[in-house]
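Survey of secondary and tertiary structure
Spelled out from the first residue to the last, the chains are:
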Amino acid sequence: MTVLNEEELILIRRHLHEIPELALQEKQTHQYLLKIIADFKQDYLTIKTPPQLPTALLVLVKGKNPQRTIGYRTDIDALPVTEQTGLKFASKHPGIMHACGHDIHMTVALVLLSYFSENQPQDNLLFFFQPAEESESGGKQAYEKGIFTGKFKPDEFYGLHDNPELPAGAIGCRLGTLFAGTTEVNIDLIGKGGHAAFPQNANDTVVAAASLIMQIQTVISRSIDPIQSGVITLGKVRAGTIRNVIADHTRIEGTIRGLTQQMILKIDQRLKDLCAGIGRSYNMEVKLDLNQGGYWPVENNPELTKNFIQYMKNNPDVNFIETKPKMTGEDFGFLLAKFPGTMFWLGVGDPNSQLHSATLNPDEKSIERGINAIKGFLIARMEK
Ligand SMILES: CC(=O)N[C@@H](CCC[C@H](N)C(=O)O)C(=O)O
């Protein structure tokens, strides 16, 4: 096969969209990626499925005259969202959707890989198809399980995220922090169940949880410098089985976001204080589990990012937009703390939807435009 053309890339993107899989369960996706890559010219490629992380995939393209190994990462997992786009190629996996655009990310990476498998690059290029970005910290797991060793160790790393607010094909980036760091929050309140008619004999976790939720909502407004800011969203609350039984257990799940590690730790501490206080005042056990995993703030490397932005600004075919930091999280933040590099946005022109929404429908024109911009950048980078 030669370099994937526009028609082929659309078919690939649509097939990937049909088979979304959750974090660490990306078996079908992994198989499909392998099948596509098997059709590329193999002369310069080394393909490896790391046994420590069996849905991940590393593909090394051997350079002509390598001075460095440039890493390019795409995430491959999807979300537990029921698709409502009405597209002909909508998800075939009930309750799961590529609602964060990782199907677009994978397609861009595959086309870049197909191009460099035909046109041997100067430097080595390492393509990393990463599982578990949405949860389970796939990037961190990959690093800690030692998959970036020997010839699979990048000297610098690049990766993109799609952005429905930006016009299709636009490239967005900034020096400094691009994405927030996040902490996953799990709270279990354990009280005493009982008959709805006899609250005096029970210890109601729903009432305690309601109070805790309201207190947590004061953290950002009262404990955080308004110029800096942060976010706490409690997206899931589960309690009870029926209206007339007092719930002995309430589970709250949420996420904390901050643009610096210091901010995240400050919010973490306030949550610990509030949970301890609720435990004392309602006389029940309140277990708080905070897990940052690999969702560190995405800090772009100053020198490499300056170079990236300069290339994009000077390229008349690229619509470059200097963006502000966002409170979305990304476990590429962990990898950028280990390897210098740059994360950037690819505009997918769907301003009526958000990432993680059931109606997200990226404009497919963004794929080809993104590929051209990134391909040009990688070639220019290898000439330096
Ligand atoms: C781009 C994006 O939407 N990323 C996710 C990352 C998940 C972070 C983690 N699981 C958490 O919820 O804290 C996001 O939700 O921002």
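Structure: above.
Residues numbered from 1 in each chain as written. Predicted model: local features only at pLDDT ≥ 70, side-chain atom pairs only at ≥ 80, totals over all residues.

**A word on the overall build of the protein**
The helix and strand inventory of the protein stands at nine helices and 16 strands. Here the protein has a C-alpha radius of gyration of 23 Å; the compact-globule value for 384 residues is 21 Å, and the two agree. Judged by the C-alpha coordinates and their principal axes, the protein covers about 75 × 40 × 40 Å. A burial count over the protein gives 45% of its 384 residues as buried. (Helix = DSSP H or I, 4+ residues; strand = E, 2+ residues; numbered from the N terminus. Rg over C-alpha atoms; globule rule 2.2 N^0.38 Å. Buried ≥ 20, exposed ≤ 12 C-beta atoms within 10 Å, placed from the backbone.)

**Some details on the nonpolar core**
Residues Val 108, Ala 109, Leu 112, Phe 127, Phe 129 and Ile 171 are the most contacted members of the largest nonpolar core, which totals 87 residues. With 10 residues, helix α3 (residues 102–118) is the single largest residue contributor to this core. Counting residues domain by domain, this core receives three or more from each of domain 1 (6–169 + 348–382) and domain 2 (180–291). Apart from the residues lying within four places of it in its own chain, the contact partners of Ala 109 are Tyr 72, Thr 74, Phe 127 and Phe 129. With seven residues, the next largest nonpolar core counts Ala 78, Leu 79, Met 97 and Leu 360 among its residues. (Core = buried A, V, L, I, M, F, W, Y, C linked by C-beta atoms within 7 Å. Domains from an automatic or database assignment. Contact = placed C-beta atoms within 7 Å.)

**Quick notes on the sheet that holds strand β14 (residues 320–322)**
Strand order in the open sheet formed by eight strands is β1-β2-β4-β3-β5-β16-β6-β14, with mixed pairing between adjacent strands. If you trace the sheet from one side to the other, it starts and ends with β1 (45–48) and β14, each paired once. Averaged over all pairs of adjacent strands, the angle between their axes in this sheet comes to 25°, without regard to strand direction. Across two bridges, the pairing between strand β6 (residues 171–173) and strand β16 (residues 341–347) is antiparallel. What sits directly across from Gly 172, in β16, is Trp 345. Sheet contacts for α3: β1, β2 (57–61), β3 (69–75), β4 (124–130) and β5 (156–163); angle to β3, the most-contacted strand, approximately 145°. (Pairing = 2+ DSSP bridges. Axes fitted to C-alpha atoms, helices over the stretch in contact; angles between N-to-C directions.)

**Focus: the site of the ligand**
Taken together, 13 residues are adjacent to the ligand, and Ser 135, Thr 182, Thr 255, Thr 328 and Gly 329 come closest. Considering only residue class, the shell around the ligand consists of three nonpolar, seven polar and three charged. Each of domain 1 (6–169 + 348–382) and domain 2 (180–291) accounts for three or more of the residues forming the shell around the ligand. (Near = placed C-beta within 6 Å. Nonpolar A, V, L, I, M, F, W, Y, C, P; charged D, E, K, R; others polar.)

Everything listed here is a matter of geometry and, on its own, says nothing about what the molecule does.
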